[in-house]
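Fold and geometry: a report
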Amino acid sequence: MPKIVDHQARRLLIAEAVHRIIDAKGLDSVSLREVAAAAGMSMGAVQHYFATKEEMLRVALEQLNARIAVRVAAAGQDDPLRLLRAAILEVLPLDETRRFEARVGLAFLARSVVSDELGAMMRAGLPLVLDFYAGRLRAAQAAGQLAAGLDPDQEARALFALAQGLGQPTLIGLYSPQDVIALVDRHLARLANPSITSG
């Protein structure tokens, strides 16, 4: 009986190997030979799934983002502000899993400055994050958790900037995870309706 190959699982395996190489040696060390060795596959098998290094990097970046999105979705919060909080904290390096993802993500960010394809991916992805934040803020306004006069789009950009500004200092040990959580919570509390926060 012929062996059934799960092609999506193979692509995921390769993407995860790319992540490990980037974390250990840097993005420039990603090569067909290195990825094949890290994934426990032949170079021919890797080439079967990815024709170019750029394609392999693109899928690896997509998979990195998907890992975070799955955890945010798993938060399953009915409360829009709690879901927003979970989404912000999941992109910050507060434990080893998120520190690993942050290191890999920074390598991709640096490459996106000189790679048209990765740069385009970044530009396409960031508005989705902002829309998600703004959507949660609008839902919170509808639930009476935020003042009606707040501009959700502006506040979403501010929250994104806050998360980005906390990421690198936390990664190098300037801020503790506890400090970061407290800062995020303080900012979200300042957005909340005073009658909600005082209760």
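Once a new chain begins, its residue numbering starts again from 1 and follows that chain's sequence as written. In view of the model being predicted, local features appear only for residues whose pLDDT reaches at least 70, and side-chain atom pairs are presented and counted only at 80 or more, with totals across whole chains, interfaces and linings using the full set of residues. Neither water nor hydrogens contribute to the side-chain values; these are computed over all heavy atoms in the structure.

Assignment of secondary structure puts E90 in helix α5 (residues 80-90). For E90, a relative accessible area of 17% translates into the label buried. The contact rule is simple, with two residues in contact once any of their heavy atoms fall within 4.5 Å. Contact partners of E90, with chain neighbours within four places excluded, come to I68, R71, V72 and R98. Think of it this way: any DSSP run of H or I at least four residues long counts as a helix, any run of E at least two long counts as a strand, and we number them from the N terminus. The buried label goes to any residue with under 20% of its type's maximum accessible area, the exposed label to any with over 50%, and the partly exposed label to all in between, with areas taken from a 1.4 Å probe on protein chains only.

Now for the pattern of salt bridges. Salt bridge, as used here: a side-chain nitrogen of Lys or Arg that lies within 4 Å of a carboxyl oxygen of Asp or Glu. Across all of its chains, the model carries 13 salt bridges by this definition. Two residues, D95 and R98, come together in a salt bridge whose shortest N-O distance is 2.9 Å. Under the relative-accessibility criterion, D95 is labelled partly exposed at 32%. Its relative accessible area of 14% is what places R98 among the buried residues. Note that D153 is salt-bridged to R138, the shortest N-O span being 2.9 Å. Here D153, found in helix α8 (residues 152-171), pairs with R138, found in helix α7 (residues 116-142); they are 15 residues apart in sequence, far enough to count as distant. Its relative accessible area of 32% is what places D153 among the partly exposed residues. When its relative accessible area of 40% is taken as the criterion, R138 is described as partly exposed. Overlapping salt bridges bring together R67, R71, E90 and E101 as one network.

What follows is about the nonpolar core. Buried Ala, Val, Leu, Ile, Met, Phe, Trp, Tyr and Cys residues form a nonpolar core when they are joined through side-chain atoms within 4.5 Å. Counting residues in each nonpolar core, the largest one holds 29 residues, and the members touching the most others are I14, V18, I22, V30, V35, M56 and F108. Secondary structure elements with two or more residues in this core: α1 (7-25), α2 (32-39), α3 (43-49), α4 (53-75), α6 (96-112) and α7. Among the nonpolar cores identified, the runner-up in size contains 25 residues, and L92, A140, V184 and A192 belong to it.

Inspection of the secondary structure assignment puts L27 in the loop between α1 and α2. Looking at L27, the relative accessible area reads 6%, which means it is buried. Taking the C-alpha atoms as reference points, L27 and A147, separated by 120 residues in sequence, lie 44 Å from one another. Sequence-distant contacts of L27, that is, excluding residues within four places in its chain, are made with I22, K53, L57, A107, F108 and R111.

For a helix, the expected span equals 1.5 Å multiplied by the number of residues minus one. Between its first and last C-alpha, α4 extends 34 Å over 23 residues, near the 33 Å set by a 1.5 Å rise per residue. Inspection of α4 places M56, L57, V59, A60, L61, L64, I68 and V72 among the buried residues, and these make up the whole buried set. In this structure, the buried side of α4 is in contact with α1, α2, α3, α5, α6 and α7. One or two residues past the end of α4 sits G76, with phi positive at roughly 50 degrees.

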